[in-house]
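Chain residues, written in single-letter form:
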Amino acid sequence: QVQLVDSGGGLVQRGGSLRLSCAASGSIFSIGDMDWYSQAPGKQREWVAGSTSAGSTNYVDSVKGRFTISIDNAKNTVYLQMNSLKSEDAAVYYCAANIMTMARRSYLLYWGQGTQVTVSS
């Protein structure tokens, strides 16, 4: 069994910062790409940022220069440092990871439960 647990969301003023975390646990053999998505009320879930296990990163244009994704491979944890937050960044943020388990030697996509980010003006 594999579990992803998102944390770190909360209420922050516009221009402020938050750091989201997502820890993977369970019978993990290997982790591939890890990503963050956001979903605002009434909208589709959207990809925000991604990182390979080797540390190659990519971002949606709207967060470039403000958000930073990083992975701690020893802790099986992905982070999203969010700076200069804007009202439009408010959403539920989900992590997603491609994980190979001990029992099943192929990658499957797992999701965290989501963490709420609220930005006040």
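Look a little higher up for the structure.
Since the structure is predicted, the reported quantities are computational estimates derived from the model, not experimental observations.

Here is what the cut-offs are and how they apply
Residues numbered from 1 in each chain as written. Predicted model: local features only at pLDDT ≥ 70, side-chain atom pairs only at ≥ 80, totals over all residues. Heavy atoms only, no water. Phe/Tyr/Trp six-rings, centres within 6.5 Å; stacked < 30°, edge-to-face > 60°. Helix = DSSP H or I, 4+ residues; strand = E, 2+ residues; numbered from the N terminus. Buried < 20%, exposed > 50% of the residue type's maximum accessible area, 1.4 Å probe, protein only. Lys NZ or Arg CZ within 6 Å of the ring centre and 35° of its normal. 1 Å grid on protein atoms, 1.4 Å probe; cavity = no way out; pocket = protein on both sides within 12 Å on 5 of 7 lines; lining within 4 Å. Points joined across faces, edges and corners; volume = space filled by probe spheres on them. Nonpolar A, V, L, I, M, F, W, Y, C, P; charged D, E, K, R; others polar.

(A) Focus on the packing of aromatic side chains. As enumerated under the stated definition, the model contains 1 aromatic pair in all. Seen from their ring centres, Y37 and W111 are 4.9 Å apart, and the 55 degrees between their planes marks the pair as tilted. You can see Y37 sitting in strand β4 (residues 28–39) and its partner W111 sitting in strand β10 (residues 108–111), a full 74 residues away along the chain. Residue classification places W111 among the partly exposed residues on the basis of a relative accessible area of 36%. Here R45 stacks its cationic end above the ring of W111, 4.8 Å away from the centre of that ring. Directly above the ring of F29 sits R105, whose terminal nitrogen or CZ lies 3.9 Å from the centroid.

(B) Quick peek at the layout of surface pockets. A volume near 290 Å³ is recorded for the largest pocket. Together, 18 residues line the largest pocket, and S38, E46, S62, E88 and D89 are the ones closest to its centre. Sorting the residues of the lining of the largest pocket by element identifies β5 (46–51) and β9 (91–101) as the ones contributing at least two each. Top element by residues in the lining of the largest pocket is β5. It accounts for 3 residues. Considering only residue class, the lining of the largest pocket consists of 9 nonpolar, 3 polar and 6 charged.

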